[in-house]
Structures are given as C-alpha cells and as structure tokens.
Amino acid sequence: KNEVEQSPQNLTAQEGEFITINCSYSVGISALHWLQQHPGGGIVSLFMLSSGKKKHGRLIATINIQEKHSSLHITASHPRDSAVYICAVTNFGNEKLTFGTGTRLTIIP
Amino acid sequence: EPEVTQTPSHQVTQMGQEVILRCVPISNHLYFYWYRQILGQKVEFLVSFYNNEISEKSEIFDDQFSVERPDGSNFTLKIRSTKLEDSAMYFCASSDEGNTIYFGEGSWLTVV
C-alpha cells in the first residue's frame, strides 16, 4: 500500500510569493498527479507526471523518481490560487489514485 | 473542455434509505471511478470500472454498494441502505488509459 505524505498541511503567503508544496510516497509509482480542490469541493487535474518536470502557466511540477518525491511550485502567487492542492499517485498495474491529505493554500492580497 | 457531470449536487436522505448517485463520464473514456471524501478527510478510492465490470474495489465498497453503467453513458453508484457514516462527498471520475483523470463536481450526501 502506498503512503502519500504532503507538506505543509497549511500554507499562508502574501500575493506574489513563490510557493512550494511537497509530496513524498513510499512505493514506486507509474504516475503522480497534482490536483486542485477549489472551495466548492470540485477537483481539477493540474498535472500528471511520470518523470522530470512540467510547466503550465505559473505552475511547475517536478518529480524525482529515485527519491520518491515531487514538488508543486506556484510563481507570482495570486489570491485566486487559494485552494487545497492534492498529490495522488497511481501504482503499476492499476489506474486507481491513492491520495495525500492535501495542502490548504491561502494567498493574502 | 470535456467534463464529467454528476447529479444530484446535494442529497439529504434518512438512514436506511437507498440512494443512487449519477454520473455522466466523458464519452470516449474507458475507465470510470467512484471516490469519496468524508468532511475534513482525504479522498478515498471506492471502485473502478472498466469494460462493463468492476476492475477493483476497496474495503469500503461492501455489499451495500453497487455500480452500474445502465445505458452506455450513465455510471451510477447505489447505496442500498445508507448509514450515518456514508455522509460524504462522492466524486465520479473518468479517464482514458494512462491519461489525465477528470473529476465531476461531486455529490454531497448527508445521511440523517
């Protein structure tokens, strides 16, 4: 069973700050997903990674397979980035997601 | 942007009643899932469905739960006799093999 840990659990920052959220997992994976859960509860997929780095707008996700670690970065953070960011992994042989507990991000204007 | 739609968005039901949560996955997707999130807790896997049958289910998915794809487009989760601890947000999701997973907005179930 894969254990997915995120840090920090809560993060409050000023608008414009560079944000980093970390995720580690215990067992080798086929892919890692970064998801955003907005205040209404809906979940949106941000990235799916199996190696290296991906960038979309102000968001960057990296993964180090050897260290079983991934980071999500947000540059020039904005209040609209306030949400819960969730790391989830898929293991080899099946498609289901195992979720971390999430990081609640609050960006203050 | 393709989307997964879920109904109802919110349902209140009495303990012991049957509940059916409905989902319309993205049309060309092959994998369908139900997840749930109890308030304040992390999202948990319930069941995955592929090729018209359950491919995997969790310990949570006991005999009170069932899934169906009755007409080739809808994907339903039925809880036969709801318990207080079934109160949660239920998410439907779909994906194509190896690709991005798309979630619905969730169905918030409150059992009283």
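Residues numbered from 1 in each chain as written. Chains lettered and ligands numbered in written order. Predicted model: local features only at pLDDT ≥ 70, side-chain atom pairs only at ≥ 80, totals over all residues. Heavy atoms only, no water.

Student: Help me out: how do you make sense of the overall build of chain A in this one?
Tutor: Helix and strand counts for chain A come out as zero helices and 11 strands. Listing every helix and strand of chain A by position from the N terminus yields β-β-β-β-β-β-β-β-β-β-β. Relative to its length of 109 residues, chain A is compact, with a C-alpha radius of gyration of 13 Å against a globular reference of 13 Å. Dimensions of chain A, computed from C-alpha atoms along their principal axes, come out at roughly 45 × 25 × 20 Å. Evaluated residue by residue, chain A yields a buried proportion of 47% over its 109 residues. Taking the intrachain contacts of chain A between residues at least 6 apart in sequence as the baseline, contacts between residues at least 24 apart amount to 54%. Summed over its atoms, the accessible surface of chain A is roughly 5100 Å², and 51% of this surface lies on carbon and sulfur atoms. If the 9 positive side-chain charges of chain A are averaged to one point and the 7 negative ones to another, these points end up 5 Å apart. (Helix = DSSP H or I, 4+ residues; strand = E, 2+ residues; numbered from the N terminus. Rg over C-alpha atoms; globule rule 2.2 N^0.38 Å. Buried < 20%, exposed > 50% of the residue type's maximum accessible area, 1.4 Å probe, protein only. Contact = heavy atoms within 4.5 Å. Areas by Shrake-Rupley, 256 points an atom, 1.4 Å probe, with all protein chains shown as cover. Lys, Arg positive; Asp, Glu negative; His and termini not counted. Charge placed at Lys NZ, Arg CZ, Asp CG, Glu CD.)

Student: For this particular structure, what's the right way to read the environment of proline 8 of chain A?
Tutor: All names here are of chain A. Within the secondary structure layout, proline 8 lies in the loop between strand E1 (4-7) and strand E2 (10-14). With 20 residues separating them along the chain, proline 8 and glycine 28 place their C-alpha atoms 22 Å apart. With residues near it in sequence (within four places) discarded, proline 8 still touches Thr20, Gly102 and Thr103.

Student: Looking at this structure, how should I read unusual backbone geometry?
Tutor: Working note: non-glycine residues mostly have negative phi, and peptide bonds are mostly trans. Of the consecutive residues serine 7 of chain A and proline 8 of chain A, the connecting peptide bond is found in the cis state with omega at -10°. At the junction of threonine 7 of chain B and proline 8 of chain B, the peptide bond is cis and its omega measures out at -10° in the coordinates. In this fold, proline 8 of chain B is placed in the loop between strand E1 (5-7) and strand E2 (10-13). Backbone geometry places alanine 76 of chain A, a non-glycine residue, at a positive phi of 45°. Examined against the element boundaries, alanine 76 of chain A turns out to sit in the loop between strand E8 (69-74) and strand E9 (83-90). Residue alanine 76 of chain A is classed as partly exposed on the basis of its relative accessible area of 46%.

Student: Sorry, what's going on with the packing of aromatic side chains here?
Tutor: Note on aromatic pairs: each is described by the distance of the centres and the angle between the planes. In total, this model carries 11 aromatic pairs over all chains according to the counting rule given. On the basis of an interplanar angle of 70° and a centroid distance of 6.4 Å, the ring pair of phenylalanine 99 of chain A and phenylalanine 103 of chain B is categorised as edge-to-face. Residue phenylalanine 99 of chain A is located in strand E10 (residues 98-99), and its partner phenylalanine 103 of chain B is located in strand E10 (residues 101-103); the two belong to separate chains. Arranged with centres 5.2 Å apart and planes meeting at 45°, the rings of phenylalanine 49 of chain B and phenylalanine 75 of chain B form a pair that is tilted. One end of the pair, phenylalanine 49 of chain B, is in strand E5 (residues 44-50); the other, phenylalanine 75 of chain B, is in strand E8 (residues 75-79), with 26 residues separating them in the sequence. Given the relative accessible area of 6%, phenylalanine 49 of chain B is considered buried. (Phe/Tyr/Trp six-rings, centres within 6.5 Å; stacked < 30°, edge-to-face > 60°.)

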